[in-house]
Amino acid sequence: FTHPPIGTIGLTEAQAVDKYGEQNIKVYHSKFANLYYGPWQVEPDDKPKTAMKLICVGEEEQVIGLHVIGMGADEMLQGFGIALKMGATKADFDSCVALHPTAAEEFVTMFPWGLSKAETGAKVSPLNGASSPQPSILEKV
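The rules behind each value
- Residues numbered from 1 in each chain as written.
- Predicted model: local features only at pLDDT ≥ 70, side-chain atom pairs only at ≥ 80, totals over all residues.
- Heavy atoms only, no water.
- Helix = DSSP H or I, 4+ residues; strand = E, 2+ residues; numbered from the N terminus.
- Buried < 20%, exposed > 50% of the residue type's maximum accessible area, 1.4 Å probe, protein only.
- Contact = heavy atoms within 4.5 Å.
- Phe/Tyr/Trp six-rings, centres within 6.5 Å; stacked < 30°, edge-to-face > 60°.
- Lys NZ or Arg CZ within 6 Å of the ring centre and 35° of its normal.
- Pairing = 2+ DSSP bridges.
- Axes fitted to C-alpha atoms, helices over the stretch in contact; angles between N-to-C directions.

Colleague: Please explain the overall build of the protein chain as it appears in this structure.
Modeller: Of the regular secondary structure elements, the protein chain holds 4 helices and 4 strands. The secondary structure elements of the protein chain, listed N-terminal to C-terminal, are β-α-β-β-β-α-α-α. Scored against the burial criterion, the 141 residues of the protein chain give a buried share of 38%. Within the protein chain, residue pairs in contact and separated by at least 24 positions form 68% of the contacts whose partners lie at least 6 positions apart.

Colleague: Explain the packing of aromatic side chains to me, please; I cannot follow it from the model alone.
Modeller: Two aromatic rings are characterised by how far apart their centres lie and by the angle between their planes. This model, assessed by the stated rule, comprises 5 aromatic pairs. Seen in terms of ring centroids, Tyr37 and Trp40 are 4.6 Å apart; in terms of plane orientation they differ by 90°. Their pairing is edge-to-face. Residue Tyr37 is classed as buried on the basis of its relative accessible area, which comes to 11%. Among the residues examined, Trp40 registers a relative accessible area of 40% and is labelled partly exposed. On the numbers, 5.5 Å between centres and 20° between planes, the contact of Phe80 with Phe93 is stacked. Separated by 13 residues along the polypeptide, Phe80 in helix α2 (residues 73-85) and Phe93 in helix α3 (residues 90-94) bring together distant segments of the chain. A relative accessible area of 12% means that Phe80 is categorised as buried. On the basis of relative accessibility, which here comes to 4%, the residue Phe93 falls in the buried class. Taking NZ or CZ as reference, Lys90 lies 4.7 Å from the ring centre of Tyr28, over its face.

Colleague: Honestly, the sheet that holds strand β1 (residues 6-10) in this entry has me stumped. Any pointers?
Modeller: Backbone hydrogen bonds are what pair the strands of a sheet, in a parallel or an antiparallel way. Pairing is antiparallel in the open sheet, where 4 strands are placed in the order β1-β4-β3-β2. At either margin of the open sheet sits one strand with a lone partner, and together these are β1 and β2 (25-33). Between one strand and the next, the sheet's axes are offset by a mean angle of 15°, whatever the strand orientation. In terms of strand pairing, β2 meets strand β3 (residues 49-57) through 9 bridges, oriented antiparallel. Across the sheet, residue Tyr28 finds its bridge partner in β3, namely Leu54. Docked against the sheet, helix α1 (residues 13-20) engages β1, β2, β3 and β4 (62-69), running at close to 170° with respect to β2. Sheet contacts for α2: β1, β3 and β4; angle to β1, the most-contacted strand, approximately 5°.

Take a look at the structure:
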């Protein structure tokens, strides 16, 4: 456990580039003041920030890495871990109803929202030792 909380699932951006090639990777970022701090009477720049990164690969934008630092990071990762094991895509994340007000909603509304190819990654259950779905990628250069 850390202060602030940090959570990481899957590949880092560097690992994803090494494995799949830079041309096959798309990374989404977000940095914001957690809504918990909304009513605090302090300047927005003085409020603690939450930073998030979603790492996707292939034409279908399969999510292969998810990283967060900030309030609530430790509480939100388990469900996202299941999504990654099942091969979720950015479109799967975009189609999820956001729970408001929560920090986790940022992962399912991350800009640009709703523009990814409408393809689901949840085609194979990773239960009982089955492999997680693998992304389709261009040739690694």
